Amino acid sequence: MDRQLTLMVVHAHPDDECLSTGGILARYTDEGIRTVLVTCTNGEQGDDQGGVKPGEPGHDDAAVAERRLAELRESVSHLGIDHLELLGYRDSGMDGWDANAHPDAFANVPVETAAAKLAALMEHYRPQVVVTYDETGGGGYGHPDHVQTHRITVAATESTGIPDKLYYTAIPRAAIKRMFELMRDSGVDLGGFEPSDDFGTPDERVTSLVDVTPFVERKLKALKAHESQGENIFLLRMPEEAQHQAFAHEAFERKLCKVDAPDQEDDLFAGLRDT
């Protein structure tokens, strides 16, 4: 029996769905492909009301999680995602934070335990295409929850054997260079941040570039839905023209392909559609 074409995207935190995959989620939903977003943590280590940081007096982890999950649901509505699945793990915080040591932090959960929960979702939805981060957490990001998300997605993919194609989100180094040049030329305050030469995905590893130009506005609405984290989303401070240029394409590295598809793709469902 033919399976319904399904895209499953696995992310670490509320708001991660927007930048690297918001366009494909909106595009493929509009094309009639079933879209499933899996969010692994509740985002407890985000900013609280008034910009109170994790670990500072007055930071309420439970309240932050509740707010961030509400923002996530609004983002999902803007992108038109069909199904949102929450694994419900505790946000581990950035690498080196005290939150890393919490016994319930996602990064401290045995990979096989979390992978089993994700595998059950794969069994339920039976996605042909799965997208997550690479082994560095996404272009060298290194966030413990992103790295753990990579690990459990690969494990669930291998244990179920269900996905026909597995992709890692990619941030091409050439695109990063262009984006930061554009931001500097536009007068955006980068707070002294300058990407290193090895930041991002080596260009030769990028196999798939998807045009999501018609969905840029929806991506921006979804990103703005995460209002509590707005201070940390510097891309929202870019001029409109620069935002459109930065958000118009999404790049990926294909790591698994069981079907006949070109080496360089502009469609993650290449080889899977009826001809």
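As the structure is a computational prediction, the values presented were derived from the model and not from experiment. (Residues numbered from 1 in each chain as written. Predicted model: local features only at pLDDT ≥ 70, side-chain atom pairs only at ≥ 80, totals over all residues. Heavy atoms only, no water.)

Trainee: Is there a simple way to explain the overall build of the protein chain in this structure?
Mentor: The secondary structure content of the protein chain amounts to eight helices and seven strands. Taken along its principal axes, the extent of the C-alpha atoms in the protein chain is 55 × 45 × 35 Å. Looking at the 275 residues of the protein chain, the share that counts as buried comes to 53%. Within the protein chain, contacts between residues at least 6 apart in sequence are counted, and of these 78% link residues at least 24 apart. Placing the 26 positive and 50 negative side-chain charges of the protein chain at their respective mean positions leaves the two points 3 Å apart. (Helix = DSSP H or I, 4+ residues; strand = E, 2+ residues; numbered from the N terminus. Buried < 20%, exposed > 50% of the residue type's maximum accessible area, 1.4 Å probe, protein only. Contact = heavy atoms within 4.5 Å. Lys, Arg positive; Asp, Glu negative; His and termini not counted. Charge placed at Lys NZ, Arg CZ, Asp CG, Glu CD.)

Trainee: Could you clarify how one ought to interpret the sheet that holds strand β7 (residues 249–257) in this entry?
Mentor: By way of backbone hydrogen bonds, the strands of a sheet pair with one another, either parallel or antiparallel. Here we have seven strands laid out as an open sheet, ordered β3-β2-β1-β4-β5-β7-β6, and mixed in their pairing. Of all strands in the sheet, those bounded by a partner on one side alone are β3 (83–89) and β6 (208–211). Pairwise comparison of adjacent strand axes, ignoring direction, gives a mean angle of 25° for this sheet. Note: strand β5 (residues 165–170) against β7, six bridges, orientation antiparallel. Paired with Ala170 across the bridge in β7 is Ala251. Seen against the sheet, helix α3 (residues 61–79) touches β2 (34–41) and β3 and runs at an angle of roughly 160° to β3. (Pairing = 2+ DSSP bridges. Axes fitted to C-alpha atoms, helices over the stretch in contact; angles between N-to-C directions.)

Trainee: Before we go on, may I ask you to explain the packing of helix α7 (residues 216–225) against helix α8 (residues 240–247) in this structure?
Mentor: Packed helices, taken two at a time, are described by the angle between their axes plus the distance between the axes. Relative orientation of the contacting elements α7 and α8 amounts to 105°, with a least axis distance of 10 Å. When the interaxial angle is binned, α7 and α8 end up roughly perpendicular. Residue-level inspection shows Val216, Glu217, Lys219, Leu220 and Leu223 of α7 in contact with α8, the latter providing Glu240, Gln243, His244 and Phe247. For the contact of α7 with α8, the class distribution of residues is four nonpolar, two polar and three charged. (Parallel < 35°, antiparallel > 145°, perpendicular 65-115°, else oblique. Nonpolar A, V, L, I, M, F, W, Y, C, P; charged D, E, K, R; others polar.)

Trainee: Looking at this model, I keep getting lost on the pairing of β3. Mind explaining?
Mentor: Of the strand pairs in this sheet, β2 and β3 are connected by five bridges, and their pairing is parallel. When the bridges of β3 are listed, Val36 appears paired with His83. In this region the chain leaves β2, passes through α3 and returns to the parallel neighbour β3; the handedness of that crossover is right-handed. (Right-handed = clockwise from strand over helix to strand, strands pointing away.)

Trainee: I tried to follow the packing of aromatic side chains on my own but got confused; where do I start?
Mentor: Here the distance between the centres and the angle between the planes together describe a pair of aromatic rings. Tallying each qualifying case throughout the model produces three aromatic pairs. Centroid distance Tyr28 to Phe269: 5.0 Å. Interplanar angle 65°. Geometry classified as edge-to-face. Taken together, the positions of Tyr28 in helix α2 (residues 22–30) and Phe269 in the segment after β7 put the pair 241 residues apart, joining distant regions of the chain. Taking relative accessible area as the criterion, Tyr28 reaches 0% and is therefore assigned buried. Residue class for Phe269 comes out buried when judged on its relative accessible area of 0%. Directly above the aromatic system of Tyr89 lies the positively charged group of Lys117, at a separation of 4.5 Å from the ring centroid. (Phe/Tyr/Trp six-rings, centres within 6.5 Å; stacked < 30°, edge-to-face > 60°. Lys NZ or Arg CZ within 6 Å of the ring centre and 35° of its normal.)

Trainee: It is not clear to me how the side chain of Arg254 should be interpreted in this structure. Could you clarify?
Mentor: If you trace the backbone, Arg254 turns up in strand β7. A relative accessible area of 18% places Arg254 in the buried class. Excluding residues within four positions of it along the chain, Arg254 makes contact with Lys165, Leu166, Tyr167, Thr207, Ser208, Ala261, Pro262, Asp263 and Glu265.

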